[in-house]
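# Residue-level structure breakdown
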Amino acid sequence: MHFHDSMISLVGNTPLVRLNNVTAGLEATVLAKVEYFNPGGSVKDRIALRMIEAAEASGELRPGGTIVEPTSGNTGVGLAIVAQQKGYKCVFVCPDKVSTDKINVLRAYGAEVVVCPTAVDPEHPDSYYNVSDRLVREIPDAWKPDQYSNPNNPLSHYHSTGPELWEQTEGKITHFVTGIGTGGTISGTGGYLKEVSEGRVKVVGADPEGSVYSGGSGRPYLVEGVGEDFWPTAYDRNITDDIVAVSDKDSFQMTRRLAKEEGLLVGGSCGMAVVAALRVAEGLGPDDVVVVLLPDSGRGYMSKIFSDEWMNDYGFLEEAGDQPRVGDVLRRKEGGEL
Ligand code: PMP
């Protein structure tokens, strides 16, 4: 009989797929590492598994304990699945701007979700940050993974994503391109690839225009899961050779093209990473192999990137010319004009 013991054993070993159409005119081979094949639908299952197993081994997470993390997205799903299979409870803390769909996904896996007001200062007792810290103090046997500072976030990629790519490309990978959120993917995968290739593999980060990694100060952008307004310790900036800044408009237009032209229904940070990968590939020849990591599926973005109305509100469907600024559109929406 051929079966897996549980969903946990399906984490990792995701496929590598060649991009054939958005790459028209390029000589290099561009391959996508499609992370939505993970059981929770994103790359974050990898870090969830390793962070939990390391905490079990160190004794920080005890049998029947509770995992508390401020997250609303992919990391929450990964933690919820691994926790459920291993008998831990999960409490996630989310700001109230998070869509009810995302909150309901976490609840569907059996997690508890505490929703906090967005419109209070970080120092306020009800803020997202303070509530999660208080829950960790008050819940018996609580443990907070903290993906931004947990070394097992980058280590999960060092031990899984990196070796998988080296093996899948038979050591022929020349460039690795990925978005930077916590920095775990780029630091761990890039670090392994640099080590195994003795520095030959170039590592390129993709970043939303305005985020700190590409020299910004935090101007609002809409692509989710990437970019920061601070430097997390999970990010090792010595690994990155270059950073490519990509606009929301370019990211989302490419995201839609990936569905239409490659059969890949993926999230906005995937479109962003592909734009960066194609820019990298432009100057390369037929022996170059560019791998771009696509973190999640497009299913979570149907009412945004895949909605013409939403795209039009921001001018993202226009071919060229003036485009409304994100801040202006958000203000108009808040003022009830749209
Ligand atoms: N894209 C999406 C959709 C994500 O959820 C994340 C994780 N925050 C990333 C990209 C970036 O990955 P990392 O945190 O490893 O830098």
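Within an unreviewed UniProt entry, the label attached to the protein chain reads Cystathionine beta-synthase, and the organism entered is Streptomyces flavofungini. Under the UniProt heading Cofactor (unreviewed entry), the entry covering the protein chain gives this text: "pyridoxal 5'-phosphate". Of the comments in the UniProt record for the protein chain, the one headed Pathway (unreviewed entry) reads "Amino-acid biosynthesis; L-cysteine biosynthesis; L-cysteine from L-homocysteine and L-serine: step 1/2."

All right, on to helix α8 (residues 268-282) then. Residues spaced three or four apart along an α-helix face the same direction, because each turn holds 3.6 residues. With 15 residues, α8 extends 22 Å between its outermost C-alpha atoms, agreeing within 8% with the 21 Å of an ideal straight helix rising 1.5 Å per residue. With 13 of 15 residues buried, α8 lies mostly within the body of the structure.

Surrounding the ligand, one finds 17 residues, the nearest of these being Gly-181, Thr-182, Thr-185, Gly-225 and Ser-269. Of the residues contributing to the shell around the ligand, the split by class is three nonpolar, 11 polar and three charged.

Attention now moves to the sheet that holds strand β3 (residues 66-69). The four strands lie next to each other as β5-β4-β3-β6, forming an open sheet whose pairing is parallel. Of all strands in the sheet, those with a lone pairing partner are β5 (112-116) and β6 (142-143), marking the two edges. By the bridge criterion, four bridges tie β3 to strand β4 (residues 89-95) in an arrangement that is parallel. Each residue of the ladder has a partner; that of Glu-69, found in β4, is Phe-92. Relative to the sheet, helix α3 (residues 100-108) contacts β4 and β5, its axis offset from that of β5 by approximately 150°. Helix α4 (residues 128-138) rests against β3, β4, β5 and β6 of the sheet, and its axis sits at about 160° to β4.

Let us now look at the pairing of β3. Going residue by residue along β3, you find Thr-66 and Val-68 tucked away on one face and Ile-67 and Glu-69 tucked away on the opposite face as well. Regarding the hand of the β-α-β motif, the stretch spanning β3, helix α2 (residues 74-86) and β4 is right-handed. The pairing of β3 with β6 spans two bridges and is parallel. Each residue of the ladder has a partner; that of Ile-67, found in β6, is Trp-143.

Taken together, the six strands give an open sheet; going across it, the order is β1-β2-β10-β7-β8-β9, and neighbouring strands pair in mixed fashion. If you trace the sheet from one side to the other, it starts and ends with β1 (16-18) and β9 (242-246), each paired once. Strand-to-strand twist in this sheet, taken as the mean axis angle between neighbours without regard to direction, amounts to 25°. Here helix α6 (residues 184-196) sits on the sheet in contact with β7 (175-179), β8 (202-208) and β10 (289-294), set at roughly 170° to β7.

Calculation notes
- Residues numbered from 1 in each chain as written.
- Predicted model: local features only at pLDDT ≥ 70, side-chain atom pairs only at ≥ 80, totals over all residues.
- UniProt positions renumbered as here; feature names shortened; annotations may be inferred.
- Helix = DSSP H or I, 4+ residues; strand = E, 2+ residues; numbered from the N terminus.
- Expected span 1.5 Å × (residues − 1).
- Buried ≥ 20, exposed ≤ 12 C-beta atoms within 10 Å, placed from the backbone.
- Near = placed C-beta within 6 Å.
- Nonpolar A, V, L, I, M, F, W, Y, C, P; charged D, E, K, R; others polar.
- Pairing = 2+ DSSP bridges.
- Contact = placed C-beta atoms within 7 Å.
- Axes fitted to C-alpha atoms, helices over the stretch in contact; angles between N-to-C directions.
- Right-handed = clockwise from strand over helix to strand, strands pointing away.

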